[in-house]
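Here's the letter readout for the chains.
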Amino acid sequence: MKKNANEVWESCLNYIKDNINKESFNTWFIPIKPIKIKDKVLTIQVPSKFFYEWIEEHYIDLLKSAVRKELGSESKLVYSIMMENTNGNNVPYTIKVPSINKKNNQNINLNLPPEVINEEIKNPFIVPGLQKLKIDSQLSLNYTFENFIEGDCNRLARSAGYAVAENPAGTSFNPLLIYGGVGLGKTHLANAIGLEIKQKHPEKTVLYVSAEKFTQQFIEAIRNNTRNDFVHFYQLIDVLIIDDIQFFAAKEKTQDIFFHIFNHLHQHNKQIILTSDRAPVDMSGVEQRLLSRFMWGLSADLQQPELETRIAILKNKLYKDGIEIPNDVIEYLAYSISTNIRELEGALISLLAQSSLNKKEISLTLAKNMIDRFVKSTTREVSIDYIQKVVCDYFDLNIDSLKSKTRKRNIVQARQLAMYFSKQLTKSSLANIGAQCGEKDHATVLHACKTVNNLSDTDKTFRVYVEDLEKKFSMM
Ligand code: ADP
Ligand code: MG
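Residues numbered from 1 in each chain as written. Chains lettered and ligands numbered in written order. Predicted model: local features only at pLDDT ≥ 70, side-chain atom pairs only at ≥ 80, totals over all residues. Heavy atoms only, no water.

### Looking at the sheet that holds strand S5 (residues 176-180)
Okay, so step 1: Taken in spatial order, the five strands of this open sheet run S6-S7-S8-S5-S9, and their pairing is parallel. Single-partner strands in this sheet number two, and they are strand S6 (206-210) and strand S9 (298-302). Ignoring which end each strand starts from, the neighbouring axes of this sheet average 15 degrees apart.
Okay, so step 2: Bridge analysis of S6 against strand S7 (residues 239-243) gives five bridges, and the strand direction is parallel. (Pairing = 2+ DSSP bridges. Helix = DSSP H or I, 4+ residues; strand = E, 2+ residues; numbered from the N terminus. Axes fitted to C-alpha atoms, helices over the stretch in contact; angles between N-to-C directions.)

Spelled out as structure tokens, the structure:
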């Protein structure tokens, strides 16, 4: 009985699978769909022109022998290529081309648009007429490693980044994916890696691009029929940094092209650095085949900075700008703003601006006023650090004792109040609150909350404490 296209292709795949590595197989053969078989001509559908070119260039011998094995020596292969829509209609169309085995038949001309054959590479960053010889890395010079303060919150990502900078594509961190919430330093760190590589390996072509810009360039390339130039340009890069790849979500065509560029770079030992505002598992709208590639290397997260790191970041910034402000003001800022470094810097800048505009000295009072206006409007969450500080100030205790394991009665009470208010005023889990209040577990925090409720019902003095503290927090 004659086999149908699916069966033939199935057998071809089995043969191919045994002859190449798994990654290449998954990348280049799984996406192919058998379309039909007629008179020993097998038609297969490939997702893009680029895909077709790639297969013809790299896998044609293997593919041919697989097909011959199935259909005999007279067999032929025809590609059906899914084309990008360039005429403004949304339906993808396909074109059919016979396999030409480029290597042996260099001069067979296809009925393809001319840019397939035209190899000239255009740089999408360069405005026509303003030709530049070297590719500008688009890096921002301020975002260096030197300025990137190290803390527990970023240690893994920072040291992985540093390792990559020392030895691009030479570590197992390829791609290096840096992820974390808004304003936690992803762009800064990715930039720092790029700058460091340029310094240590001046021969490498480094390019920083936001996913948004990449997408715009791609759309532009489609519009101008220069898709191949676009791909070729990106394939020239030794170190490609793409910022905020969550932007690719639900943009299938862009993901497709990025997938190809990614594969090309990775296969040619080029370094890829990506950032995202969420972990790969949470990136909905990004295709599985891309997500699984992100996992090939290292995903390192940036977390919210600890108090000491926030203080160090502010101090570093002031030092760089040659400005001095009192320590208690720095601490106040660092206590008040905990979830976003950009906001923290913003508060500092607006404090400096206010003081110079109103010719007022920078003081704690000015800082408090400013924070009230500056931060309150942006629905800020109080930090556990801040709650602890307020409670400690109120009882005139040292914050270290609150975080210690001591069982002294007055400290236990303050600690329980800090836990209670942390539960009330933040979104932190019981476990997280416990961890930050003397390494207690969630049951202890729960118990603390109950105790505070009970005591404020039964103990007058205690109720005053709670009310006083509530007032302090509500005034923030
Ligand atoms: P993201 O890209 O994650 O939103 P950015 O990289 O833009 O965040 O960082 C926001 C601001 O915080 C920048 O001005 C950056 O310089 C600063 N910043 C972030 N992390 C650090 C750090 N560890 N040390 C010093 N500055 C930092
Ligand atoms: Mg960013």
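What follows picks up the thread again.
### Structural notes on the environment of Leu195
Okay, so step 1: Along the chain, Leu195 falls in helix H6 (residues 186-200).
Okay, so step 2: By relative accessible area, which is 16% here, Leu195 ends up buried.
Okay, so step 3: The contact partners of Leu195, leaving out residues within four places of it in the chain, are Leu139, Ser140, Leu141, Tyr143 and Thr144. (Buried < 20%, exposed > 50% of the residue type's maximum accessible area, 1.4 Å probe, protein only. Contact = heavy atoms within 4.5 Å.)

### Re the site of ligand 1
Okay, so step 1: Surveying the vicinity of ligand 1 reveals 17 residues, the closest of which are Gly183, Lys186, Thr187, His188 and Glu345.
Okay, so step 2: The side chain of Asn154 places a nitrogen or oxygen atom 3.4 Å from a nitrogen atom of ligand 1.
Okay, so step 3: Note that an oxygen atom of ligand 1 is positioned 3.3 Å from one of the backbone N or O atoms of Leu184.
Okay, so step 4: Burial of ligand 1 by the protein amounts to 92% of the accessible area it has alone, namely 560 Å².
Okay, so step 5: Looking at the shell around ligand 1, the elements with two or more residues in it are H6 and helix H13 (341-357).
Okay, so step 6: Here the residues of the shell around ligand 1 sort into seven nonpolar, seven polar and three charged. (Near = heavy atom within 4 Å. Polar contact = N/O pair within 3.5 Å; in protein donor to acceptor, adjacent residues only side chain to side chain. Areas by Shrake-Rupley, 256 points an atom, 1.4 Å probe, with all protein chains shown as cover. Nonpolar A, V, L, I, M, F, W, Y, C, P; charged D, E, K, R; others polar.)

### Regarding the side chain of Ser276
Okay, so step 1: Its place among the elements puts Ser276 in strand S8 (residues 271-276).
Okay, so step 2: Separated by 2.7 Å, the side chain of Ser276 and the backbone oxygen of Arg278 make a polar contact.

### Comments concerning the confidence of the model for the protein
Okay, so step 1: Averaged over every residue, the pLDDT of the protein is 85; the share at 70 or more is 87%.
Okay, so step 2: Segment residues 85-92 is flagged for pLDDT under 50; beyond a separation of four residues in sequence, or across chains, it makes eight contacts in the model.
Okay, so step 3: Predicted confidence is poor over residues 127-133, with pLDDT under 50, and the contacts of this stretch with residues over four places away or in other chains come to two contacts. (pLDDT = per-residue confidence, 0-100.)

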